[in-house]
Amino acid sequence: MYVQIDGLGSIPYTLIKSQYKFSNGYSNPPIVPLSKIIRTFDEFDSFLERTHTRFGMEYIKRDLPVGFDKKSSAEYRRRMRTEKSTKCYIDETIRDLENQINMDW
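Caption draft 1: Highlighting the pattern of salt bridges. A full pass over the atoms with the stated rule returns five salt bridges. Its salt-bridge partner being K87, residue D91 comes within 2.8 Å of it at the nearest N-O pair. Residue D91 and its partner K87 are both found in helix α4 (residues 83-101); the two are separated by four residues, about one turn of the helix. A residue is classified by how much of its surface remains accessible, and D91, at 30% relative accessible area, is partly exposed. Beyond isolated ion pairs, a larger network of salt bridges with shared partners links E75, R78, R79 and E92.

In structure tokens:
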């Protein structure tokens, strides 16, 4: 995985699994236990699923492609305002992707 460090950028970080435990690519023993890293990611995911970002998380959990440009962001905000509008947008996006895969234009 990559760890973002302000002013430096993304630095590769490796988790190493031996027969008995996990360690990491920077130190041995690990500075932060793997269980804490996993718990932190899980708590952050739960936070995103409970707050105003929940509609975006529904989209992401469907493994749909996410655009980060201004046009895509504006489209997401416009189309995913309620549970119903989010479901419609996700269903429409899936249908469009399936049509592209099947070359049904």
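Caption draft 2: Structural context of helix α3 (residues 70-79). Every buried residue of α3 is listed here: S72, Y76 and R79. Along α3, the residues classed as buried sweep out an arc of 85 degrees about the axis, all on the same side. Opposite the buried face of α3, at more than 90 degrees from it, the exposed residues are K70, K71, R77 and R78. The secondary structure elements touched by the buried residues of α3 are α2 (54-61) and α4. A distance of 3.3 Å separates the backbone nitrogen of K71 from a side-chain oxygen at the start of α3, and that oxygen is part of D69.

Caption draft 3: Quick peek at the pairing of strand β1 (residues 2-5). Two elements, β1 and strand β2 (residues 9-12), share four bridges in a ladder whose sense is antiparallel. Paired with Q4 across the bridge in β2 is S10. If you look at the hairpin formed by β1 and β2, you'll find three residues sitting between the two strands, and G7 has a positive phi there, around 80 degrees.

Caption draft 4: Structural context of unusual backbone geometry. The residue D63 is not glycine, and still its phi comes out positive at about 60 degrees. Within the secondary structure, D63 sits in the loop between α2 and α3. Overall, D63 belongs to the exposed group, its relative accessible area being 69%.

Caption draft 5: Molecular detail of the packing of aromatic side chains. Considering all chains together, one arrives at four aromatic pairs under this definition. Taking the centre distance of 6.5 Å and the plane angle of 20 degrees together, the rings of F44 and F47 count as stacked. Of this pair, F44 and F47 are both found in helix α1 (residues 34-50), three residues apart, which corresponds to roughly one turn of the helix. Consider the rings of Y59 and Y76, whose centres lie 5.3 Å apart with planes at 50 degrees: the pair is tilted. Of this pair, Y59 sits in helix α2 while Y76 sits in helix α3, and the two are 17 residues apart along the sequence. We classify Y59 as buried; its relative accessible area is 4%. For Y76, a relative accessible area of 15% corresponds to the buried category. Put simply, the rings of Y59, Y76 and Y89 pair up and form one aromatic cluster.

Here is what the cut-offs are and how they apply
- Residues numbered from 1 in each chain as written.
- Predicted model: local features only at pLDDT ≥ 70, side-chain atom pairs only at ≥ 80, totals over all residues.
- Heavy atoms only, no water.
- Salt bridge = Lys/Arg side-chain N within 4 Å of Asp/Glu carboxyl O.
- Helix = DSSP H or I, 4+ residues; strand = E, 2+ residues; numbered from the N terminus.
- Buried < 20%, exposed > 50% of the residue type's maximum accessible area, 1.4 Å probe, protein only.
- Arc of directions from axis to C-beta.
- Contact = heavy atoms within 4.5 Å.
- Polar contact = N/O pair within 3.5 Å; in protein donor to acceptor, adjacent residues only side chain to side chain.
- Pairing = 2+ DSSP bridges.
- Phe/Tyr/Trp six-rings, centres within 6.5 Å; stacked < 30°, edge-to-face > 60°.

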